[in-house]
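One letter stands for each residue in the lines below.
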Amino acid sequence: MRKAEFDQEYVLRSAMDVFIAKGYSKTSMQDLKKATGLHPGSIYNSFTNKRGLLLAALEHYRTERLTEFEALFATSNSVISGLKKYLDHVIDECEREEIKDCLLQKALSELAQQDVEVESVICQMLNQWQTLLTEKFQQAQDSQEIPHHNDAEALAHFFMMSVYGMRTLSHTQPKKGALRQLGQSVFNYITQS
């Protein structure tokens, strides 16, 4: 059987957007067809099923976010300014109506303890992000951009918790500027710890 030809990046980005907006369980094949332009048969042929498309979308999301993360640091003159740019980027996403959630966070909260493989893939991705953040905080400490009062890994945990907390809080429609103020408090804690 011939594999369907399509713009894989477009399909995976569209699937990510639907999974983020509706969640995995509430996303129907009809939703995926509408978003991606692929007929269900093409989705099954290319990704085996909806779950296969989710796994491919998660991998695409990881790659896209890693590239985005590294680009923010590449255009920064210091590690700490890269972390600030990243935090501001997350807040920008949270303040826009169309993107509030992280695909990893959304899928993990929905599928934890229901799909061991998906949960494991997401946990590996989150652990990779944790490691990357720890490395960035260690670099910032080594270059004396931030104090050594806290362990780099503890700072990375705090940073991750803050990012996911702000993403969750953004759903409560906080007053204008509240997320920016919280982001600044997180940044102040990190730079003064």
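See the structure printed just above.
Below: a short report on this structure. Small disclaimer: the values here were computed from a predicted structure and weren't measured.

What counts as what
Every chain's residues receive numbers from 1 upward, in the order its sequence appears when written. pLDDT decides what is reported in this predicted model: residues at 70 or higher carry local features, side-chain atom pairs at 80 or more are listed and counted, and totals for whole chains, interfaces and linings draw on all residues regardless. Only heavy atoms go into the side-chain values, all of them from the structure, while hydrogens and water stay out. Numbered from the N terminus, helices here are DSSP runs of H or I no shorter than four residues, and strands are runs of E no shorter than two. The classification of residues rests on relative accessible area computed with a 1.4 Å probe and restricted to protein chains. Under 20% of the type maximum is buried, over 50% is exposed, and intermediate values are partly exposed. Contact definition: two residues touch when any of their heavy atoms are within 4.5 Å. For the accessible areas, the method is Shrake-Rupley and the probe is 1.4 Å, while residue cover comes only from the protein chains on display. The charge count treats Lys and Arg as positive and Asp and Glu as negative. His and the chain ends do not count. The atoms used to mark charge sites are NZ of Lys, CZ of Arg, CG of Asp and CD of Glu. Expected helix span is computed as 1.5 Å times (number of residues minus one). Here a polar contact is recorded for every N or O atom pair within 3.5 Å, except that within protein the pair must consist of a potential hydrogen donor and a potential acceptor, and residues adjacent in sequence are included only if both atoms are side-chain atoms. For helices, the fitted axis covers only the stretch in contact; all axes are lines through C-alpha atoms, and the angles between them, taken along N-to-C directions, range from 0 to 180 degrees. Geometric relationships in this document are graded by angle, where less than 35 degrees denotes roughly parallel, more than 145 denotes roughly antiparallel, 65 to 115 denotes roughly perpendicular, and other angles denote oblique. Residue classes follow a fixed rule: Ala, Val, Leu, Ile, Met, Phe, Trp, Tyr, Cys and Pro count as nonpolar, while Asp, Glu, Lys and Arg count as charged, and any other residue, Gly among them, counts as polar. The criterion for an aromatic pair is that two Phe, Tyr or Trp rings (for Trp, the six-membered ring) have centres within 6.5 Å, with stacked assigned to planes under 30 degrees apart, edge-to-face to planes over 60 apart and tilted to the rest. In this analysis the charged atom, NZ for Lys or CZ for Arg, is taken to sit over a ring once it is within 6 Å of the ring centre and within 35 degrees of the ring normal.

## Focus: the overall build of the protein
Alright, step 1. Assigned secondary structure in the protein consists of 9 helices and 0 strands.
Alright, step 2. In sequence order, the secondary structure elements of the protein are arranged as α-α-α-α-α-α-α-α-α.
Alright, step 3. With the principal axes as the frame, the protein shows a C-alpha extent of 60 × 35 × 35 Å.
Alright, step 4. Residues classed as buried in the protein amount to 44% of the 193 residues present.
Alright, step 5. Looking at the protein alone, contacts between residues at least 24 apart form 68% of all its contacts between residues at least 6 apart.
Alright, step 6. Carbon and sulfur atoms make up 53% of the accessible area of the protein, which totals about 10300 Å².
Alright, step 7. In the protein, 21 side chains carry a positive charge and 25 a negative one; their mean positions are 7 Å apart.

## Quick word on the environment of Glu70
Alright, step 1. As for its placement among the helices and strands, Glu70 is situated in helix 4 (residues 50–74).
Alright, step 2. In this structure Glu70 comes out as partly exposed when scored by relative accessible area, which is 32%.
Alright, step 3. Through-space distance from the C-alpha of Glu70 to that of Lys175 is 31 Å; in sequence the pair is 105 residues apart.
Alright, step 4. Sequence-distant contacts of Glu70, that is, excluding residues within four places in its chain, are made with Leu132 and Lys136.

## Description of helix 8 (residues 152–169)
Alright, step 1. Over its 18 residues, helix 8 runs 25 Å from end to end, which matches the ideal 26 Å to within 8%, given 1.5 Å per residue.
Alright, step 2. Taken residue by residue, helix 8 has Ala152, Leu155, Ala156, Phe159, Met160, Ser162, Val163, Tyr164, Met166 and Arg167 as its buried positions.
Alright, step 3. Its side-chain oxygen at 3.0 Å from the backbone nitrogen of Glu153, Asp151 defines the N-terminal cap of helix 8.

## Examining the packing of helix 5 (residues 79–95) against helix 7 (residues 116–142)
Alright, step 1. Here helix 5 crosses helix 7 at 140°, and the two axes come no closer than 8 Å. Between helix 5 and helix 7, the angle falls in the class oblique. Here helix 5 contributes Val79, Leu83 and Tyr86 to the contact with helix 7, which in turn contributes Trp129, Leu133, Lys136, Phe137, Gln139 and Ala140.
Alright, step 2. A per-class count over the contact of helix 5 with helix 7 returns 7 nonpolar, 1 polar and 1 charged.

## A few points about the packing of aromatic side chains
Alright, step 1. Using the criterion set out here, one finds 8 aromatic pairs in the structure.
Alright, step 2. Between Phe69 and Tyr86, the aromatic rings sit 5.1 Å apart at their centres with planes inclined by 75°, giving edge-to-face as the arrangement. With a gap of 17 residues between them, Phe69 in helix 4 and Tyr86 in helix 5 connect regions that are remote in the sequence.
Alright, step 3. What links up through ring pairs into an aromatic cluster is the set Phe69, Phe73, Tyr86, Trp129, Phe137, Phe159 and Tyr164.
Alright, step 4. Above the face of the Phe187 ring, Lys84 is positioned so that its terminal group lies 5.5 Å from the ring centre.

## Here we look at unusual backbone geometry
Alright, step 1. Even without a glycine there, the phi angle at Thr48 is positive, about 75°.
Alright, step 2. With respect to the element layout, Thr48 can be found in the loop between helix 3 (40–47) and helix 4.
Alright, step 3. Under the relative-accessibility criterion, Thr48 is labelled exposed at 58%.
Alright, step 4. With a phi angle near 55°, Gln173 is a residue other than glycine that sits in the positive phi range.
Alright, step 5. Relative to the elements of secondary structure, Gln173 occurs in the loop between helix 8 and helix 9 (178–192).

## Structural notes on the packing of helix 1 (residues 8–22) against helix 4
Alright, step 1. Where helix 1 contacts helix 4, the two axes come as close as 9 Å, and the packing angle between them is 100°. Taken together, the axes of helix 1 and helix 4 lie roughly perpendicular to each other. Contacts between helix 1 and helix 4 involve Glu9, Val11, Leu12, Arg13, Ala15, Met16, Phe19 and Ile20 from the former and Lys50, Leu53, Leu54, Ala56, Ala57, His60, Tyr61 and Glu64 from the latter.
Alright, step 2. Looking at the contact of helix 1 with helix 4 residue by residue, the classes come out as 11 nonpolar, 1 polar and 4 charged.

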